[in-house]
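Coordinate analysis (summary)
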Amino acid sequence: MTALHLWHNATVCTLTPAPGNTVPDSPAPDWGLIPYGAVVTEGDTIRWVGAYSDLPAQYTPSAGQTAQPITAHDLGGALLTPGLVDCHTHLVYGGHRANEAEMRLQGASYEQIARAGGGIRSTVQATRSASETALLESARKRLLQLAAQGVTTVEIKSGYGLSLESEARSLRVARAVGSETGLTVRTTYLGAHALPPEYAGTPHEADAYIDAVCTWLHELHAQGLVDAVDAFCETIGFSPAQTERVFATARALGLPVKLHAEQLSNQEGAALAARYQALSCDHLEYLSDSGIAAMRAAGTVAVLLPGAFYALREKQLPPIDALRRAGVPMAVATDHNPGTSPTLSLPLMLHMACTLFRLTPLEAVLGATVHAARALGLHDRGQLAAGQRADMAVWQLQHPNELAYWFGNLPCQHTIVGGQVFHPAL
Ligand code: NIG
Ligand code: FE
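From a predicted model like this one, the values you see are computed outputs, not experimental measurements.

Reading the values: the criteria
- Residues numbered from 1 in each chain as written.
- Chains lettered and ligands numbered in written order.
- Predicted model: local features only at pLDDT ≥ 70, side-chain atom pairs only at ≥ 80, totals over all residues.
- Heavy atoms only, no water.
- Near = heavy atom within 4 Å.
- Polar contact = N/O pair within 3.5 Å; in protein donor to acceptor, adjacent residues only side chain to side chain.
- Areas by Shrake-Rupley, 256 points an atom, 1.4 Å probe, with all protein chains shown as cover.
- Nonpolar A, V, L, I, M, F, W, Y, C, P; charged D, E, K, R; others polar.
- Salt bridge = Lys/Arg side-chain N within 4 Å of Asp/Glu carboxyl O.
- Helix = DSSP H or I, 4+ residues; strand = E, 2+ residues; numbered from the N terminus.
- Buried < 20%, exposed > 50% of the residue type's maximum accessible area, 1.4 Å probe, protein only.
- Phe/Tyr/Trp six-rings, centres within 6.5 Å; stacked < 30°, edge-to-face > 60°.

R97, Y110, Y160, Q263 and T340 are the nearest of the 15 residues found near ligand 1. Between ligand 1 and R97 there is a distance of 2.8 Å, counted from an oxygen atom to a side-chain nitrogen or oxygen. Here ligand 1 has 330 Å² of accessible area as a free molecule, and 100% of this is covered by the chains. Across the shell around ligand 1, the residue classes break down as four nonpolar, nine polar and two charged.

Structural data, given as structure tokens:
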């Protein structure tokens, strides 16, 4: 018999339409707040959510001998939310790029630095020359820093290896930090991130490289290392036609796709991704109306990345109001990477999604919980309701709108991962 746990004396933010609602697929138009609330978990699953005064008799710790034993946890009046989901990160890499950030401050653009051989390619070099142990240690540290601010599920992309060996290594490291810590890690293969140096200057260099990306995908999938497939569709990345070849290979293997789309220019990448039932399109500063319509029809999530927008001092805002009006679900993520978004605070991204992109605090929080989970194809988390996974975050806050209010550092008291208290030991 799995032990029952009662988490009580908390303001519970369910993000479900009604307290205890068991239909977790329809996010609330409000916070779903339960003052003096309680949650009952069994193993890694939530069994019951509601007001403490409505706690069913079988879950009261003082129930008679016949009742299943229950361990009570007094949360001391804290705020309890779903564990946060960071649905877009590039967490596994060697080195950093502070030098490029300084060059940008002096006027060089991201694109100029990339075309001069810096950018993604300089991180590829540092990643290839790092040992697997060094990659593992740095990725674990970053993952625990995300966790210290409420994150319980993280997507990690490859894309700094750009050879079969090195991409496999990054994906193995991503899987390993997940299983070591007990946090959920979803891996995304981003072989189509940049052209590696060994292909530069060869005939049909980008097309030849895309051939290799597709071949490697079969191998990486066979090794069980891939949950989804992504590409960088951009003038400094890959063309829509090249992106499509990667997507066709992924879908033929039954893998879902996502896209770095319309970050620096409109390539109509979002519409292309929607044709392949993409889980998400990410960045989207230059997203067109037809892209929005295609995403809406395909149920594709729009992942907003205010960290990259801010660090690149972009001027073009993603079309938030049009996305909102079209009813496209919006997620918010860190895009943690050494080039354009060296942050490990998802709450800071919520703040910036509100100040820079004009999301409401509720939209921002839905964007780092239920919509972020959907961007990963996960339907078992992101809300607090019976049947959902018991991933929760405990905050010394009164109201969840504070998640998007404080900025700079918002540690959570602790998280609950799969029904167990999780203290990231930093
Ligand atoms: O999401 N745009 C492409 N990929 C990353 C940046 C990668 C890098 O510069 O290292 C992004 O912003
Ligand atoms: Fe990214």
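Side chains that carry opposite charge are capable of pairing whenever their charged atoms lie near each other. Counted according to the given criterion, the structure contains 19 salt bridges. The salt bridge involving R140 is made with E180; its shortest N-O contact spans 2.6 Å. Residue R140 is located in helix 4 (residues 132–147), and its partner E180 is located in helix 5 (residues 164–181); the two are separated by 40 residues in the primary sequence. Given a relative accessible area of 26%, R140 falls into the partly exposed group. Salt-bridge contacts for D211 lead to R245; the nearest nitrogen and oxygen are separated by 2.2 Å. Of the two residues, D211 sits in helix 6 (residues 205–222) while R245 sits in helix 7 (residues 240–252), which places them 34 residues apart along the sequence. A relative accessible area of 41% means that D211 is categorised as partly exposed. The network of salt bridges with shared partners includes D44, D380, R381, R389 and D391.

We now examine the packing of aromatic side chains. Remark: the centre distance and the inter-plane angle together describe each pair of aromatic rings, the angle taken between the planes. All told, the structure shown has seven aromatic pairs when counted by the stated rule. With centroids separated by 6.2 Å and ring planes inclined at 75 degrees, the aromatic side chains of Y93 and Y160 adopt a geometry described as edge-to-face. Highlighted residues: Y93 in the loop between strand 5 (84–86) and helix 1 (98–105) and Y160 in the loop between strand 6 (151–157) and helix 5, separated in sequence by 67 residues. On the basis of relative accessibility, which here comes to 2%, the residue Y160 falls in the buried class. The interplanar angle of 75 degrees and the centroid separation of 5.1 Å between the aromatic rings of F309 and F357 together place this pair among those described as edge-to-face.

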